[in-house]
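The residues making up each chain are set out below.
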Amino acid sequence: RLSEAMLVQRQPEGTYAITDYGKLVLHLCSSFEVASEHREYFLTHDVWRIPLQFVNRLGELSQAKLIMDAMENINRGERMFTEAEQYAWGIAEGRIPELMDPIMDQKIAKGLQVKMIIPETDLSTVPAIKTPNVELHGISDIPAILGITEKEATICFRFVGGRVDYAGFSGNDPTFLNWAKDLFLY
């Protein structure tokens, strides 16, 4: 059946090898596997708020863990940022919690690169930043909650309808980290 489907081909010595077409199908299946494995989550969460090229790459979340406990994810995000050594990037509904300010101020003074994207409407409420390694940008619509450091990333998609949710995917797999970095930079 696999030969008839042109996914594999018989080699002269009698073994089978995957075809280039088979490699393509296998590669494309990873996004379907992630969607299928987490179908209950994706029934209620809106991935369509992120650009299509990242939806097409959902297979890159395959090694990330889906964490449904919102408080666990909030605590994880705080821990990620306070343990960051090189950079801490985030897309959030607001600013860093005040309890984290002293820790983050120390890390920033030591050279931690911080980039945050928040709603445009909140930009005016944030004090002016005079540190070159801190960037703050605003966008009109926050597509998801995203946190990234050199060690770990987490993404929480909004509920269908737009409401923020802190249930989402987290992990330290290099492929997932690159996906999250690419999304943030987009």
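Reading the values: the criteria
Residues numbered from 1 in each chain as written. Predicted model: local features only at pLDDT ≥ 70, side-chain atom pairs only at ≥ 80, totals over all residues. Heavy atoms only, no water. Helix = DSSP H or I, 4+ residues; strand = E, 2+ residues; numbered from the N terminus. Buried < 20%, exposed > 50% of the residue type's maximum accessible area, 1.4 Å probe, protein only. Polar contact = N/O pair within 3.5 Å; in protein donor to acceptor, adjacent residues only side chain to side chain. Contact = heavy atoms within 4.5 Å. Pairing = 2+ DSSP bridges. Axes fitted to C-alpha atoms, helices over the stretch in contact; angles between N-to-C directions. Core = buried A, V, L, I, M, F, W, Y, C linked by side-chain atoms within 4.5 Å. Salt bridge = Lys/Arg side-chain N within 4 Å of Asp/Glu carboxyl O.

Another aspect to go through is the side chain of Glu152. Within the element layout of this structure, Glu152 appears in the loop between strand 7 (144–149) and strand 8 (153–157). Exposure remark for Glu152: the relative accessible area of 10% places this residue in the buried category. Side-chain polar atoms of Glu152 contact the side chain of Arg79, separated by 3.0 Å. The residues contacting Glu152, other than those within four sequence positions of it, are Arg76, Arg79, Met80, Gly147, Ser170, Gly171, Asn172 and Leu177.

This part takes up the pairing of strand 9 (residues 168–171). Here strand 3 (residues 65–67) runs beside strand 9; their pairing, made up of three bridges, is antiparallel. Paired with Ile67 across the strands is Gly168, a residue of strand 9. Relative to strand 9, strand 8 runs antiparallel, the two being bridged by three bridges. Counterpart to Ala153 in the pairing with strand 9 is Gly171.

In spatial order, the strands read 3-9-8-7-4-5-6; together these seven strands make up an open sheet with mixed pairing. Bordering the open sheet on either side are strand 3 and strand 6 (134–139), each of which pairs with just one other strand. Each strand of the sheet is rotated relative to its neighbour by a mean of 15°, with strand direction disregarded. The strands touched by helix 4 (residues 70–83) are strand 3, strand 4 (87–91), strand 5 (113–119), strand 7, strand 8 and strand 9; relative to strand 7, the strand with the most contacts, the crossing angle is about 35°. Each of strand 4, strand 5, strand 7, strand 8 and strand 9 touches helix 6 (residues 174–185); the most contacted strand, strand 8, lies at about 60° to it.

The next subject is the nonpolar core. Formed by 31 residues in total, the largest nonpolar core has its most connected members in Leu61, Ile155, Phe157, Phe169 and Trp179. When contributions to this core are tallied by element, the ones reaching two or more residues are helix 2 (39–44), helix 3 (52–55), strand 4, strand 7, strand 8 and helix 6. Among the elements that take part in this core, helix 6 stands out by supplying six residues, more than any other. If sequence neighbours within four positions are ignored, Trp179 has contacts with Ile50, Phe54, Arg57, Leu58, Glu60, Leu61, Ile155 and Phe157.

The subject of this paragraph is the pattern of salt bridges. Tallied over the full model, the rule gives ten salt bridges. Between Arg57 and Asp182 there is a salt bridge, with its nearest N and O atoms 2.9 Å apart. With a gap of 125 residues between them, Arg57 in the loop between helix 3 and strand 3 and Asp182 in helix 6 connect regions that are remote in the sequence. Arg57 gets classed as partly exposed once you look at its relative accessible area, which sits at 23%. On the basis of relative accessible area, Asp182 is assigned to the partly exposed category, the value being 34%. Its salt-bridge partner being Arg79, residue Glu152 comes within 3.0 Å of it at the nearest N-O pair. Here Glu152, found in the loop between strand 7 and strand 8, pairs with Arg79, found in helix 4; they are 73 residues apart in sequence, far enough to count as distant. Given the relative accessible area of 30%, Arg79 is considered partly exposed. It is possible to trace a salt-bridge network through shared partners that takes in Glu72, Arg76, Arg79, Glu83 and Glu152.

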